[in-house]
Amino acid sequence: MTAHIAQTQTQPGADPAPAPRVDSEVGPLRTVLLHRPGAELKRLTPRNNDQLLFDGVPWVDRAQEEHDAFAEVLRGRGAEVLLLSDLLVSALHDDRARIAGIHSAVDERRLGIDLADALRSHLASIGPEPLATALMTGMTFEELPAAEGASLVRKMHHPHDFAVAPLPNLLFTRDSSVWVGDRVAITSLALPARDRETALTDLIYAYHPRFRKTGRAYGAHSAPVEGGDVLLLAPGVLAIGVGERTTPAGAESFARSALADGLAHTVLAVPITQERATMHLDTVCTMVDRDAVVMYPAVRDTLDAYPVRSDGAGGVVVEDRRPFLDAAAEAMGIERLRVIDTGLDPVTAEREQWDDGNNTLAVGPGLVVAYERNVETNARLEDAGVEVLRISGSELGSGRGGPRCMSCPIDRAPLV
């Protein structure tokens, strides 16, 4: 663990920091959760990368260099960077967290009772740091503790098969938790390859001293919602993409929770195409200023929304479908949303949308982090008065995610 990473660690028993709060996409970023890619990415091979949701096999050392540079850009703009691995190690000093983490990792139905018991005993016997590594990186059958007896399960699996699956998509911290106001929502991820990520995120928020007093919204056992589909357009206004990863039931559950808790007055459910290139709402649209979005032009005139509001009696009212930009501006109380298109022509727009040109992270109003390779989109942002902090993403982008995907804001200053 490098020195600058260790500096972000909070020791067990330390006094928790002031309660964090996130009310918008563009309030000045004060604290953010990242995950520095680690050995879990080295588990990716041409044989399994599709199953683990990567489009290629990344060069891990370079991915780490790119991620370190990303973190330094955020620190350079005054943001506190928390690293998921450090928080996980600290949380695992609590025996309850250890039990929860081990329970999530050991699949008795797949391993059988005897092998599962042996693996649980092994994981229970190691310290917080190696346990955190095992939970994130996974274990192959040849890495399991030495067999104490005959095991058909062990014999019938290849030594390099996963007994505990790795979690390479931990890199995308946006998806497994979302802060709305002063509460955190632990989401429900749609695909089996990511199912266990929420268990680790959940135990961090439950057992790390820093988040001891944090309230919860929504719930990980509700219908699927992923954080990349949730945009905080303005205080009290949420947009939730409904497509490949977030279901209508998930969007409705999230909306009902946010409205009932007073975290929002309007939730816009936004249907998006169920394709790899548009897996989340933030792959086609992100906020770059108080009144501006960067958006894939192919969806600009077709993106619609269903406004959802409270009926004042514990239920909701779902309004008729209408253009997203109109519904968003009305809910935000502004005349219109400025739209900055990805690219200059249809081909460039399609290329840069695929390369996460729309997936920017706002560090403050009119200040965003973006991949340097999206040259035309970045130029259009700057022409519109948005400052762009460019980062390299040649290896980080192999999992189809940009700066917003790789970050979970935990605290933003209010917009004034």
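Computed from a predicted model, the values in this text were never measured in an experiment. (Residues numbered from 1 in each chain as written. Predicted model: local features only at pLDDT ≥ 70, side-chain atom pairs only at ≥ 80, totals over all residues. Heavy atoms only, no water.)

(A) Region of the structure containing the sheet that holds strand β2 (residues 80-83). Spatially, the three strands line up as an open sheet ordered β2-β1-β20, and their pairing is mixed. Edge positions in the open sheet fall to β2 and β20 (408-412), since each of these has one partner strand only. Strand-to-strand twist across the sheet, computed as the mean angle between neighbouring axes with direction ignored, equals 20 degrees. Pairing of strand β1 (residues 29-34) with β20 involves four bridges; the strand directions are antiparallel. What sits directly across from L29, in β20, is R412. Docked against the sheet, helix α2 (residues 60-76) engages β1 and β2, running at close to 165 degrees with respect to β1. (Pairing = 2+ DSSP bridges. Helix = DSSP H or I, 4+ residues; strand = E, 2+ residues; numbered from the N terminus. Axes fitted to C-alpha atoms, helices over the stretch in contact; angles between N-to-C directions. Contact = heavy atoms within 4.5 Å.)

(B) Geometry of the packing of helix α3 (residues 84-91) against helix α7 (residues 128-137). Orientation of α3 relative to α7, taken along the N-to-C sense of each, is 125 degrees, at an axis distance of 8 Å. When the axis of α3 is compared with that of α7, the two are oblique. Where α3 crosses over α7, the two elements pack in a sense that is right-handed. Here α3 contributes L84, S85, L88 and V89 to the contact with α7, which in turn contributes P128, E129, A132 and M136. (Parallel < 35°, antiparallel > 145°, perpendicular 65-115°, else oblique. Left-handed = near helix turned anticlockwise from the far one by under 90°.)

(C) A look at the nonpolar core. Core analysis: the largest hydrophobic core is formed by 62 residues, its most contacted members being L123, Y205 and F254. Beyond its immediate sequence surroundings of up to four residues, F254 is in contact with V180, A185, Y218, V225, V230, L238 and I240. In terms of nonpolar packing, the next biggest core, distinct from the first, is built from 37 residues, L231, M295, A305 and V388 among them. (Core = buried A, V, L, I, M, F, W, Y, C linked by side-chain atoms within 4.5 Å. Buried < 20%, exposed > 50% of the residue type's maximum accessible area, 1.4 Å probe, protein only.)

(D) How the structure looks around the UniProt feature "active site" (unreviewed entry) in the protein chain. According to UniProt, the "active site" (unreviewed entry) feature falls on C405. Along the chain, C405 falls in the loop between β19 (387-391) and β20. Apart from residues no more than four positions distant in its own chain, C405 is found in contact with L171, F172, T173, R174, D282 and N359. (UniProt positions renumbered as here; feature names shortened; annotations may be inferred.)

(E) Representation of the pattern of salt bridges in the model. With the rule as written, the count across this model stands at 25 salt bridges. For R309, the salt bridge is made with E319, and the minimal N-O distance between the two is 2.4 Å. One end of the pair, R309, is in strand β13 (residues 304-310); the other, E319, is in the loop between β14 (316-318) and β15 (322-323), and ten residues separate them in sequence. For the salt bridge of E330 with R322, the shortest nitrogen-to-oxygen distance reads 3.2 Å. Among the charged side chains, a network of salt bridges with common partners joins R309, E319, R322 and E330. (Salt bridge = Lys/Arg side-chain N within 4 Å of Asp/Glu carboxyl O.)

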